[in-house]
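Coordinate analysis (summary)
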Amino acid sequence: MKTLKLLNYAADQWVAGDGGLAEVHSAVTGDVIAETGSNGLDFKAMLDHARKVGGPALRAMTFHERAWMLKDLANAIMARKEELYELNYATGATRTDGWIDIEGGAGTLFSFSSKGRRELPNGRILIDGAMEPLSKGGSFVGQHVFTPLQGVAVHINAFNFPVWGMLEKLGPTLLAGVPAIVKPASATGYLAEACVRIMIEADILPKGALQLVMGGVGDLMDHLTLQDVVSFTGSAQTAMKLQSHPVIARKSVRFIAERDSLNASILGPDAAPGTPEFDLFVKEVAREMTVKAGQKCTAIRRAMAPAEHLDAVQDALSARLAKVRIGDPREEGVTMGALASARQLHDVREQIARLHKQARIVSGNPDHVFPGHEKGAFMEPVLLRTDTPWSADAVHDVEAFGPVSTIMPYKDLEDAIALANRGMGSLALSLFTFDNKVAEEFVLNAGAYHGRMVILDRTSAKESTGHGSPLPVLVHGGPGRAGGGEEMGGIRGVTHYMQRTALQGAPEMLSKVVHQWLPGADKPTGDVHPFRKRISELEIGYTLKTESRTVTLEDVEHFAAFTGDNFYAHMDEEAAKANPIFDGRVAHGYLILSFAAGLFVDPAPGPVLANTGLETLRFQTPLYPGDSMRVELTVKSKSVRDEEKGEVRWAVYVFNQKDEVVATYELMTMNTP
């Protein structure tokens, strides 16, 4: 392939670096395939452009509009994915490795788009939790909310996943309404640049929403403010250097790090050779060593087994690794390609040498030269073993970021937990056991040290995503050595780029601010039944107050006979009186819900398409035979999903004849816009 001239994307223009370009080499052939650099960029101007142009444009959009934008970006990437796969081979990755990076990255955008439309309002302010009453009379309340930061998210990414690593940060950032400046690692930056080109050429993003730096970041950090965020993936050394930058410290700039991680996998004490869990363990350790040539932040670096099974683990793993075919990832049958660069190969060999001082190599030769691929960054999978893990500090402190893992024994479950935690913080831990007591003990005593724990057994294995697959709906991050960050995790990841603010005021005022009815806010009524109104016609707080209905003993007994619910509190007067909660027989809770629907439903076809469920149901006051009940149905919030439908949330209050609250819940209906 011809040498690519990689460009920066600054202030909505593609800009070449001004001299001092660095050469980027193919991981497979060693040939120069790209030139990259960022000299000459005005980083202060880039930050200003993002804040003054990109930020306001994104904040003007609703969460749903941003979510649809993410879906369009993902579709644009998928439509041109073959262009990315072609470049992917030069990184040393196989097609399967590239699928994780390229289609996995697009899939992350799809996921955040879906969650944004399902879980976020079609508005611009996100409510955080329930309203807090602050006064006796109810005229002064509190409500936590999230609003977008008014700065820039600076994304500094690692070399191993140039597409996914960029998009897993970009998805929640854009959904939050914050512009981003992306800085990929130089070794594989050509793949990230190609992906950014696809997104820019799709003409989906507003101006200033995304910029790209294809080299060093110069004085960019000097111009950060309290409204900015730095999201970093890479080594602990670089993370500490960035985090200690005087501007970040002085201005309390948010810093999210995902860095070194000596992840562990544990063969449970019950998982002896011959059990499904033993076979799964061996398969997973081998896979984590070879996928992406072991260049995964979640890869298994330490594999632990009961002392009596360690020889069997070594034999099974060595046999499996011997079947790995290493070579040009374009070639059919190749199952592991090259490391990302010659520099990376050198670094991994250096780390293996450090490990080798305390652990012996039992499979693989780190110095093997592959005929015909002498200039490529190829390496055999290397399995080490230590029989004295508590005196071999290096295996718990040194990460060889390649196809490298160390097996070690443990004495008992307590010892296994302590060894796992000796890594001082990891992104992922996997436990192979069919014993739920073992799993419970591990979670209780090791959970605080690990960002994600995967419990694999014969039941979950077939559908499991395995030890090392970060998922957009789950938190990706870990404590201690892993950096203390929590990326993704669904909407949790979005709020990293937002500010939580505690609002205080009158319920009516706050209701207008957050575009959601809050208890105590006004409840306007009208002559038109709310079920006869389309979403666009419904006013937040619009309320239907129904007539009353008396609930009789015959109603209770008929409901019991019809449903089969003959619980004593409904059918036995003496037993009900003996109950410390009731004064006698009471109406069924679900009878109350059914009668409530009968009071407020307008049966004719119209804007209401379907009842999709109810949430937060609470029964607060018993309803006795002879009591009456009425309902107040209030529009709590509304959200248009597409041209054909949207969701309305209704606050439902059921009162008795004394105006005591009998039941409360939120009803969801699907309505026409």
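The shown structure was predicted, so the numbers you read here are calculated from the model rather than taken from an experiment.

1. Description of the pattern of salt bridges
- Per the stated rule, a full pass over the model turns up 37 salt bridges.
- Its salt-bridge partner being aspartate 393, residue arginine 422 comes within 3.7 Å of it at the nearest N-O pair. With arginine 422 in the loop between α13 (413-421) and β18 (429-432) and aspartate 393 in the loop between β16 (382-385) and α12 (394-397), the pair connects residues that are 29 residues apart, well separated along the chain.
- For the salt bridge of aspartate 397 with arginine 422, the shortest nitrogen-to-oxygen distance reads 3.0 Å. Within this pair, whereas aspartate 397 is found in helix α12, its partner arginine 422 is found in the loop between α13 and β18, the two being separated by 25 residues in sequence.
- Residue classification places arginine 422 among the buried residues on the basis of a relative accessible area of 18%.

2. A look at the sheet that holds strand β4 (residues 22-25)
- Ordered in space as β1-β5-β4, the three strands form an open sheet in which the pairing is mixed. Among the strands making up the open sheet, the edge pair consists of β1 (4-5) and β4.
- As defined by bridge partners, β1 adjoins strand β5 (residues 32-36) across two bridges and the pair is classed as parallel. Pairing of lysine 5 across the sheet is with glutamate 35, part of β5.

3. Details of the side chain of glutamate 487
- Tracing the backbone through its elements, the reader meets glutamate 487 in strand β21 (residues 487-488).
- Excluding its chain neighbours within four sequence positions, the residues that come into contact with glutamate 487 are Glu168, Lys169, Ser231, Thr233, Ile256, Leu474, Val475, His476 and His496.

4. Quick notes on the pairing of strand β12 (residues 254-258)
- Among the five residues in β12, four count as buried, and that is most of the element.
- The pairing of strand β11 (residues 229-233) with β12 spans five bridges and is parallel. By the bridge assignment for β12, threonine 233 is matched with glutamate 258.

5. A word on the nonpolar core
- Core analysis: the largest hydrophobic core is formed by 61 residues, its most contacted members being Ile77, Leu167, Leu174 and Met199.
- In this structure, leucine 167 is in contact with Ile77, Gly105, Ala106, Thr108, Leu109, Pro172, Cys195 and Met199, ignoring residues within four places of it in sequence.
- Formed by 41 residues, the second largest nonpolar core is a distinct cluster that contains Ile266, Ile352, Ala359 and Val404.

6. Some remarks on the sheet that holds strand β7 (residues 141-148)
- Here we have three strands laid out as an open sheet, ordered β6-β7-β22, and antiparallel in their pairing. The open sheet terminates on both sides in strands that have one partner only, identified here as β6 (126-133) and β22 (498-505). If you compare each strand with its neighbour and ignore which way they point, the axes differ by 20° on average.
- Two strands pair when backbone bridges link them, and β7 and β22 are joined in this way by eight bridges, in the antiparallel orientation. Within β22, the residue paired with threonine 147 across the bridge is glutamine 499.

About the cut-offs
Starting from 1, residues in each chain are numbered consecutively following that chain's sequence as written. Only residues with pLDDT of at least 70 are given local features in this predicted model, and only at 80 or more are side-chain atom pairs given and counted; all residues enter the totals for whole chains, interfaces and linings. Working from all heavy atoms in the structure, the side-chain values ignore hydrogens and water. The term salt bridge refers to a pairing of a side-chain nitrogen on Lys or Arg with a carboxyl oxygen on Asp or Glu at a separation within 4 Å. A run of H or I in DSSP counts as a helix once it spans at least four residues, and a run of E counts as a strand once it spans at least two, with each numbered from the N terminus. Buried residues are those whose accessible area, probed at 1.4 Å on protein chains only, stays under 20% of the maximum for their type, while exposed residues exceed 50% and partly exposed ones sit between those limits. In short, DSSP must find at least two bridges between two strands for them to pair. Two residues form a contact once any of their heavy atoms are found within 4.5 Å. By nonpolar core is meant a set of buried Ala, Val, Leu, Ile, Met, Phe, Trp, Tyr and Cys residues that side-chain atoms within 4.5 Å join together. Orientation is described by axes fitted as lines to C-alpha atoms, over the contacting stretch for helices, and by angles from 0 to 180 degrees between their N-to-C directions.

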